[in-house]
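The lines below spell out each chain.
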Amino acid sequence: MLLSNVGWTTFTMNQCFKEMVTASSATKLVFSLLNPQLEKEDATSAAQFISDGAVQAESISFAYLSRPGKRVLNDVSFTVDRARSVAFVGPSGGGKSRLVNLLMRFYDPNSGQLWLDDTPFSALTPFQLRSNIALVSQEPVLFRATITDNIRLGVEEEVSDEQVLEACRLANAADFIRDFPEASANIPKVLRLPTSPSGYATVVGEKGRSLSGGQKQRIAIARALVRRPKMIVLDEATSALDSQSEKAVRVALESSAHGWTSVMIAHRLDAIRHCDEICYVEEGRIVERGTHTELVGKRAKYYEMTKQQRLS
Ligand SMILES: Nc1ncnc2c1ncn2[C@@H]1O[C@H](COP(=O)(O)OP(=O)(O)OP(=O)(O)O)[C@@H](O)[C@H]1O
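So, a few notes on the structure that sits alongside this text. (Residues numbered from 1 in each chain as written. Predicted model: local features only at pLDDT ≥ 70, side-chain atom pairs only at ≥ 80, totals over all residues.)

Here we take up the site of the ligand. All residues adjacent to the ligand are Y64, S66, R67, V72, S92, G93, G94, G95, K96, S97 and R98. Among the elements that take part in the shell around the ligand, helix α5 (residues 96–103) stands out by supplying 3 residues, more than any other. Of the residues that constitute the shell around the ligand, the class distribution is 2 nonpolar, 6 polar and 3 charged. (Near = placed C-beta within 6 Å. Helix = DSSP H or I, 4+ residues; strand = E, 2+ residues; numbered from the N terminus. Nonpolar A, V, L, I, M, F, W, Y, C, P; charged D, E, K, R; others polar.)

So, about helix α11 (residues 213–226). The first and last C-alpha atoms of α11 sit 20 Å apart over 14 residues, in line with the 20 Å expected at 1.5 Å per residue. Among the 14 residues that make up α11, 12 are buried, leaving the element largely enclosed by the rest of the structure. What α11 keeps buried is the set Q215, K216, Q217, R218, I219, A220, I221, A222, R223, A224, L225 and V226. Structurally, α11 contributes buried residues whose contacts are with β6 (133–136), α7 (147–152), α8 (161–170), α9 (174–178), β7 (231–235) and α12 (243–253). (Expected span 1.5 Å × (residues − 1). Buried ≥ 20, exposed ≤ 12 C-beta atoms within 10 Å, placed from the backbone. Contact = placed C-beta atoms within 7 Å.)

Listed in full, the buried residues belonging to α12 are E246, V249, R250 and L253. Summarising the axial view, the buried residues of α12 lie within an arc of 100°, below the 170-degree limit, and thus occupy one face. Away from the buried face of α12 by more than 90 degrees, exposed residues Q244 and V251 are located. (Arc of directions from axis to C-beta.)

Right, let's get into the environment of A57. Examined against the element boundaries, A57 turns out to sit in strand β1 (residues 55–63). Leaving out residues up to four positions away in the same chain, A57 has contacts with V76, S77, F78, G112 and L114.

Time to look at the nonpolar core. In summary, soluble globular proteins display a tendency toward joint burial of nonpolar side chains. If you look at the biggest cluster of nonpolar residues, it comprises 74 residues, and the most contacted ones within it are A87, A222 and V233. No other element matches α11, which puts 7 residues into this core. Discounting chain neighbours no more than four positions away, the residues touching A222 are I151, A167, C168, A171 and A173. (Core = buried A, V, L, I, M, F, W, Y, C linked by C-beta atoms within 7 Å.)

What follows deals with the sheet that holds strand β5 (residues 119–120). With antiparallel pairing, the 4 strands of this open sheet are ordered in space as β2-β1-β4-β5. Each of the sheet's edge strands pairs with one partner strand only, and the pair in question is β2 (71–80) and β5. Where strand β4 (residues 111–116) lies against β5, 2 bridges are found, and the strand directions are antiparallel. When the bridges of β5 are listed, W115 appears paired with P120. Running over the sheet, α5 touches β1, β2 and β4 and is turned about 65° from β2. (Pairing = 2+ DSSP bridges. Axes fitted to C-alpha atoms, helices over the stretch in contact; angles between N-to-C directions.)

All right, on to the pairing of β4 then. Here β1 pairs with β4 via 5 bridges, running antiparallel. Within the sheet, the bridge partner assigned to E58 lies in β4 and is Q113. Between β4 and β5, which follow one another and run antiparallel, lie 2 residues, and D117 among them has a positive phi close to 55°.

Moving on: unusual backbone geometry. For R105, which is not glycine, the phi torsion reads 60° and is therefore positive. Among the secondary structure elements, R105 is positioned in the loop between α5 and β4. Look at R105 and you get partly exposed, because 19 C-beta atoms sit within 10 Å. At N172, a residue that is not glycine, the phi angle is positive and equals roughly 60°. With respect to the helices and strands, N172 occurs in the loop between α8 and α9.

This is the structure:
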């Protein structure tokens, strides 16, 4: 999503990555290519911003420049307290992904304001914001590098092997990674995990071609977790998992157990029914909100969705 938002083609990125050896050098290059301004801000800015993980949207509206007359978000307000979870559901085209775009500050709202704790988004640099919020999208971008390097990608500070393993365990990825062959002939020793040499040193093909959709999604979740974010945004991030695997990830990621805040978007209601609050988004507005039980009790739009999915 980030790549498409700045207009880079996959072809260009592939060219860049052909000669890459380590993820850390790749990361620096990617970030500077994607947004030179970010690097500048980074160098001159601003203290690191450490959030509690509470987010608030106050009457936000948004329209694309190409369609100024059509508000894809219209007077949307919500609050997610620290370590709580909120889900956005609703029909296709309702505006859920636009909300994620605003939360990650890929765009700014035309009116209204978003807050991270008590600080308006507009007072934070993108770097300050994104170092607190990790996004996992439906189709994560993986690079031709080892699984470990794909997971460590973008993290400036030291990430230990144990942290990588723990993140993979939570993301329900540890088992399939352990069973992968190590493509040892081509891997410099320095890239191998001493604690678990097999699997993690496997080089995934370009764009993660050698992995299934569900495996890519779980690696992307592990990548988000090693950043130790205050907030995790899951945009259809488990859509390719079977229901057993999705449940394992969901239980492991419970916000209350880890202290992070989660924002989830999903079409499969099974994946979000446990959230503290569920918002039904339609035509750019939140038209229903409450817990799963409350919304089912309303016998309205959310309830209809549960019926379509045969969910009780
Ligand atoms: N780049 C764009 N320019 C103009 N309109 C856009 C653009 N991207 C999305 N839209 C419009 O914004 C509206 C909201 O789209 P959005 O992707 O947020 O919906 P969604 O609820 O996430 O849908 P889905 O569940 O299918 O992912 C849609 O009407 C869509 O056509």
